[in-house]
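These are the residues of each chain, in order.
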Amino acid sequence: MAIVVLVVVLALLWLITGVRVVQQYERGVVFRLGRVREQVRQPGLTLLVPVVDRMRKVNVQVVTMPVPAQEGITKDNVSVSVDAVLYFRVVEPVKATVDVQNYSFAMLQVAQTSLRSIIGKSELDDLLSGRENLHQGLEVMLESPATGWGVHIDRVEIKDVSLPDSMKRSMARQAEADRERRARIITADGEFQAAAKLAEAAVTMSETPAAMQLRLLQTVVEVAAEKNSTLVLPFPVELLRFFEASAARAAEAGSGPAPAVPAQAPSDAG
């Protein structure tokens, strides 16, 4: 009996050494005598054959990987430095373990080369404002090798674009000139509309002379509403023209031909 009990105890201890726990965010890839088992161990308690089986746990969470800044020259010959961020996760643990030595390092290298490639194919305006198309292009470039490694690309985004100081100053001057151009256009358009409205008002007032008098009275009311010591009286321009015409006629009448002076007879010498 003692021998049987000892054998049972040793068997239990041997089995206990093969018990493993797989976390919810992990999957277990089992190698039996060096050969991978197609069945992936799911989260929970799993039993391995001691000495024969080896298990590697693969994290299936979404990995956030920053891509270091890559320097390059854009399609319009501008030197820039661009960095990005990559989001991916393992969907096939067997491929991620067997087909590639280190899938994280491999994804980082592919992301760097793809980022440099996309810089050379894009213009500066696309890097600054049209990033959605660049994100899709980067995702397509990364999807091909990632699929063979059992990795799924969730998202890839460009974080920042660094420009030389000279280019920043040039862009600032360009933006300032563009704003000044728009301001001048808006001012000119406002003056054009104001002139058109004034022309319509002049036509209306010419058809109704009393409208001019009412407008003058309204101006007097607006000025008198302010608490000041200034009194404004409208003076018709036609009256000034009448005075000018009267003064011109008076000047013409006063500057007529001078009367003839009779010539004196020469006196005889005495």
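Owing to the predicted nature of the structure, the values given are computational and were not obtained by experimental measurement.

About the cut-offs
- Residues numbered from 1 in each chain as written.
- Predicted model: local features only at pLDDT ≥ 70, side-chain atom pairs only at ≥ 80, totals over all residues.
- Heavy atoms only, no water.
- Salt bridge = Lys/Arg side-chain N within 4 Å of Asp/Glu carboxyl O.
- Helix = DSSP H or I, 4+ residues; strand = E, 2+ residues; numbered from the N terminus.
- Buried < 20%, exposed > 50% of the residue type's maximum accessible area, 1.4 Å probe, protein only.
- Pairing = 2+ DSSP bridges.
- Axes fitted to C-alpha atoms, helices over the stretch in contact; angles between N-to-C directions.
- pLDDT = per-residue confidence, 0-100.
- Contact = heavy atoms within 4.5 Å.
- Parallel < 35°, antiparallel > 145°, perpendicular 65-115°, else oblique.
- Left-handed = near helix turned anticlockwise from the far one by under 90°.
- Nonpolar A, V, L, I, M, F, W, Y, C, P; charged D, E, K, R; others polar.
- Lys, Arg positive; Asp, Glu negative; His and termini not counted.
- Polar contact = N/O pair within 3.5 Å; in protein donor to acceptor, adjacent residues only side chain to side chain.
- Patch = residues over 30% accessible without salt bridge, like charges linked within 9 Å, V, L, I, M, F, W, Y side chains within 5 Å.
- Areas by Shrake-Rupley, 256 points an atom, 1.4 Å probe, with all protein chains shown as cover.
- Charge placed at Lys NZ, Arg CZ, Asp CG, Glu CD.

## Some remarks on the pattern of salt bridges
One pass over the structure, following the stated rule, counts 7 salt bridges. Notably, a salt bridge pairs Asp178 with Arg182, separated by 2.1 Å at the nearest N-O pair. Note that Asp178 and Arg182 are positioned in helix H6 (residues 165-207) at a spacing of 4 residues, about one turn of the helix. For Asp178, a relative accessible area of 27% gives the class partly exposed. Relative accessible area serves as the criterion here: at 40%, Arg182 is assigned to the partly exposed category. A salt bridge links Arg184 to Glu180, with the nearest nitrogen and oxygen atoms 2.8 Å apart. Of this pair, Arg184 and Glu180 are both found in helix H6, 4 residues apart, which corresponds to roughly one turn of the helix. Residues joined by salt bridges that share partners form a network here, namely Asp178, Arg181 and Arg182.

## Things to note about the sheet that holds strand E7 (residues 79-90)
Taken in spatial order, the 3 strands make up an open sheet running E6-E7-E8, and their pairing is antiparallel. The strands lining the two open edges of the sheet, one partner per strand, are strand E6 (63-73) and strand E8 (151-162). Going from strand to strand, the sheet's axes swing by 25° on average, the running direction of each strand aside. Here 10 bridges tie E7 to E8, and the two strands are oriented antiparallel to one another. The residue of E8 that forms the bridge with Val90 is Val151.

## Side note on the confidence of the model for the chain
Confidence along the chain averages 82 in pLDDT terms, with 88% of residues attaining 70 or more. With pLDDT under 50 throughout, residues 265-270 is counted as low confidence; its partners more than four residues away or in other chains account for 0 contacts.

## Notes on the packing of helix H3 (residues 103-121) against helix H5 (residues 131-148)
Viewed as axis vectors pointing N to C, H3 and H5 meet at an angle of 140°, and their least axial separation amounts to 10 Å. Regarding the angle of H3 to H5, the classification is oblique. Remark: the crossing between H3 and H5 carries right-handed chirality. Within the contact between the two elements, H3 uses Met107, Val110, Ala111, Ser114, Leu115, Ser117 and Ile118 and H5 uses Leu134, Leu138, Met141, Leu142, Pro145 and Ala146. The residue makeup of the contact of H3 with H5, split by class, is 11 nonpolar, 2 polar and no charged.

## Looking at the side chain of Asp83
As for its placement among the helices and strands, Asp83 is situated in strand E7. In this structure Asp83 is buried but unpaired, with Lys159 as the nearest side chain of opposite charge at 4.4 Å. At a separation of 3.0 Å, a polar atom in the side chain of Asp83 contacts the main-chain amide nitrogen of Asp160. Discounting chain neighbours no more than four positions away, the residues touching Asp83 are Val67, Pro68, Ala69, Leu115, Ile158, Lys159 and Asp160.

## Side note on the sheet that holds strand E3 (residues 35-36)
A sheet is described by the order of its strands in space; here 3 strands give the open sequence E3-E2-E5, paired in antiparallel fashion. Each end of this open sheet is capped by a strand with a single partner; those strands are E3 and strand E5 (53-59).

## A word on a negative patch on the surface
The grouping of Asp76, Glu123, Asp125 and Asp126 at the surface amounts to a negative patch. The topology assignment puts Asp76 in the loop between E6 and E7. The exposure class assigned to Asp76 is partly exposed, which follows from its relative accessible area of 35%.

## Looking at the pairing of E7
The element E7 is extensively covered by neighbouring structure, given that 9 of its 12 residues are classed as buried. Sheet topology note: the E6/E7 ladder contains 9 bridges and is antiparallel. Its bridge partner lying in E7, Glu71 is registered against Ser81. Connecting E6 to the antiparallel partner E7 that follows it, the hairpin turn spans 5 residues, and Asn77 within it adopts a positive phi of roughly 65°.

## Some remarks on unusual backbone geometry
Although it is not a glycine, Leu33 sits at a positive phi angle of roughly 55°. In this fold, Leu33 is placed in the loop between strand E2 (26-32) and E3. Look at Leu33 and you get exposed, because its relative accessible area is 68%. Notably, Val51 is not glycine yet its phi reads approximately 75°, a positive angle. Topologically, Val51 is positioned in the loop between strand E4 (44-47) and E5.

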